[in-house]
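Below, each chain spelled out in residue letters.
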Amino acid sequence: MRSKIVAGNWKMNKNSADTEAVLTELSAKLPDTQAEVMVAPTYVNLAGAVRTLESSVIEVIAQNMHFAESGAYTGEISADMLLGINVETVIIGHSERRAYFGETDEILAKKVVAALEKNMRVMFCFGEELEDRKSENHFKVVETQLKNALFSLDASAWSKIVLAYEPVWAIGTGETASPEQAQEMHAFIRKTITEAYDASVANNVSILYGGSVKPANAKEIFGKPDVDGGLIGGASLVADDFVAIIESI
Ligand code: 13P
């Protein structure tokens, strides 16, 4: 059965002191929940975050990794480096990586394989741009993103995949997909996976929604049957807001 997940993507925010302070507050205020709670601080604060959350159920996850094992890739981080500090889940394919750092479907497919080979869990992000939705191409775009990066995987690999549908037009804009739009896309994603694999793979994968989720709208979005939680940007930076979102699930 798929799990409920609420994850905070901190992007390039918070120094080490702020990271420790917010995680300590978050851990103290964490509500009783069936959902898995995850936080992705920036690379340099990952090891410290793992230490801060040593006795907490909150999982520290990474925002990105390189596909190579090691070598001459200045500025990059490998799966083994993450595993070496007990980070076992990695976000791959965030739209900001695609847009600002040239990460193509082909690169992302290699990253997914590299993470899975190390038995890491992958939170794979994808979603259409505003023009795609305006031209009613959003289903096709999403299907292509999934196909290019994930549909060469064996069915068994899907137990280590979490999907995060993040329409680019809703990220950091204050504009959210309506709960109906999120449900419509999540149902489409499950149908697409059923066609590529089978209903069991589709029904067991958690599909998160991301894009301007706030305490005020989380409950309605999370209430939809194919929405298994959220990947939260801005609102995860403030412990009380993130706690309120976790309480909504
Ligand atoms: P916001 O919640 O700030 O819109 O960011 C969403 C996101 O990109 C999470 O990965």
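To be clear, the structure that these remarks concern was listed above.
Note that the structure is predicted; figures quoted are calculated from it, not measured. (Residues numbered from 1 in each chain as written. Predicted model: local features only at pLDDT ≥ 70, side-chain atom pairs only at ≥ 80, totals over all residues. Heavy atoms only, no water.)

Engineer: Any chance you could explain the site of the ligand here in plain terms?
Structural biologist: Among the 13 residues in the neighbourhood of the ligand, the closest are listed as Lys11, His94, Gly172, Ser212 and Gly234. Taken together, the residues that form the shell around the ligand break down as 4 nonpolar, 7 polar and 2 charged. (Near = heavy atom within 4 Å. Nonpolar A, V, L, I, M, F, W, Y, C, P; charged D, E, K, R; others polar.)

Engineer: Looking at this structure, I do not really get the packing of helix α7 (residues 138–150) against helix α8 (residues 179–196). What am I missing?
Structural biologist: What describes two packed helices is the angle between their axes and the distance between those same axes. Interaxial distance between α7 and α8 falls to 11 Å at its minimum, and their mutual angle equals 45°. By the angle between their axes, α7 is oblique relative to α8. Crossing hand, α7 versus α8: right-handed. Taking contact as the criterion, the partners of His138, Phe139, Val142, Glu143 and Leu146 in α7 are, on α8, Glu184, Met185, Phe188, Ile189 and Thr192. (Axes fitted to C-alpha atoms, helices over the stretch in contact; angles between N-to-C directions. Helix = DSSP H or I, 4+ residues; strand = E, 2+ residues; numbered from the N terminus. Parallel < 35°, antiparallel > 145°, perpendicular 65-115°, else oblique. Left-handed = near helix turned anticlockwise from the far one by under 90°. Contact = heavy atoms within 4.5 Å.)

Engineer: Any chance you could explain unusual backbone geometry here in plain terms?
Structural biologist: What you tend to see is this: most non-glycine residues have negative phi, and most peptide bonds are trans. The phi torsion at lysine 14 lies on the positive side, around 80°, for a residue other than glycine. You can see lysine 14 is positioned in the loop between β1 (5–9) and α1 (16–29). Assessed through its relative accessible area of 23%, lysine 14 is described here as partly exposed. Look at glutamate 136: it is not a glycine, yet its phi comes out positive at around 60°. (Buried < 20%, exposed > 50% of the residue type's maximum accessible area, 1.4 Å probe, protein only.)

Engineer: Would you mind showing me how to read the packing of α1 against helix α11 (residues 239–247) here?
Structural biologist: Contact geometry of α1 with α11 gives a least axis separation of 9 Å together with a crossing angle of 35°. Crossing of α1 over α11 shows right-handed handedness. Residue-level inspection shows Val22, Glu25, Leu26 and Lys29 of α1 in contact with α11, the latter providing Ala239, Asp240, Phe242 and Val243. Of the residues belonging to the contact of α1 with α11, the class tally is 5 nonpolar, no polar and 3 charged.

Engineer: Would you take a moment to explain the pairing of β1 for this structure?
Structural biologist: Where a strand is regular, its side chains alternate between the two sheet faces. Extensive coverage of β1 is indicated by the burial of 5 of its 5 residues. Covered by surrounding structure in β1 are Ile5, Ala7 and Asn9 together with Val6 and Gly8, the residues of both alternating faces. Across 5 bridges, β1 lies against strand β2 (residues 36–40) in parallel orientation. What sits directly across from asparagine 9, in β2, is alanine 40. You can see the chain leave β1, run along α1 and come back into β2, and the turn it takes is right-handed. Note: β1 against strand β8 (residues 229–232), 4 bridges, orientation parallel. The residue bridging glycine 8 from the neighbouring strand is isoleucine 232, located in β8. (Pairing = 2+ DSSP bridges. Right-handed = clockwise from strand over helix to strand, strands pointing away.)

Engineer: I would appreciate a short explanation of the environment of serine 236 in the present structure.
Structural biologist: Inspection of the secondary structure puts serine 236 in the loop between β8 and α11. Owing to a relative accessible area of 1%, serine 236 belongs among the buried residues under this scheme. The spatial distance from the C-alpha of serine 236 to the C-alpha of serine 206 is 20 Å, given a sequence separation of 30 residues. Sequence-distant contacts of serine 236, defined by excluding residues within four places in its chain, comprise Gly8, Asn9, Trp10 and Phe242.

Engineer: Can you walk me through the pattern of salt bridges in this structure?
Structural biologist: A side chain of one charge can pair with a side chain of the opposite charge if their charged atoms are brought near each other. Throughout the structure, instances matching the rule amount to 17 salt bridges. Each member of the salt-bridge network shares a partner with another, and the members are Arg2, Arg190, Asp226 and Asp228. (Salt bridge = Lys/Arg side-chain N within 4 Å of Asp/Glu carboxyl O.)

Engineer: Teacher, can you tell me more about the sheet that holds strand β6 (residues 161–165) here?
Structural biologist: Strand pairing in a sheet takes place through backbone hydrogen bonds and is either antiparallel or parallel in direction. Read across the sheet, 8 strands follow the order β3-β2-β1-β8-β7-β6-β5-β4 without closing on themselves; strand pairing throughout is parallel. In this open sheet, the two strands that pair with only one neighbour each are β3 (59–60) and β4 (89–92).

Engineer: So what exactly am I meant to see when it comes to the packing of aromatic side chains here?
Structural biologist: Centre-to-centre distance and the angle between the planes together describe a pair of aromatic rings. Under the definition given, this model contains 8 aromatic pairs. Between tyrosine 100 and phenylalanine 101, the ring centres sit 6.4 Å apart and the planes meet at 80°, which makes this aromatic pair edge-to-face. For tyrosine 100, a relative accessible area of 62% puts it in the exposed group. Their ring planes at 80° and their centres at 5.8 Å tell us that phenylalanine 151 and tyrosine 197 sit as a pair that is edge-to-face. (Phe/Tyr/Trp six-rings, centres within 6.5 Å; stacked < 30°, edge-to-face > 60°.)

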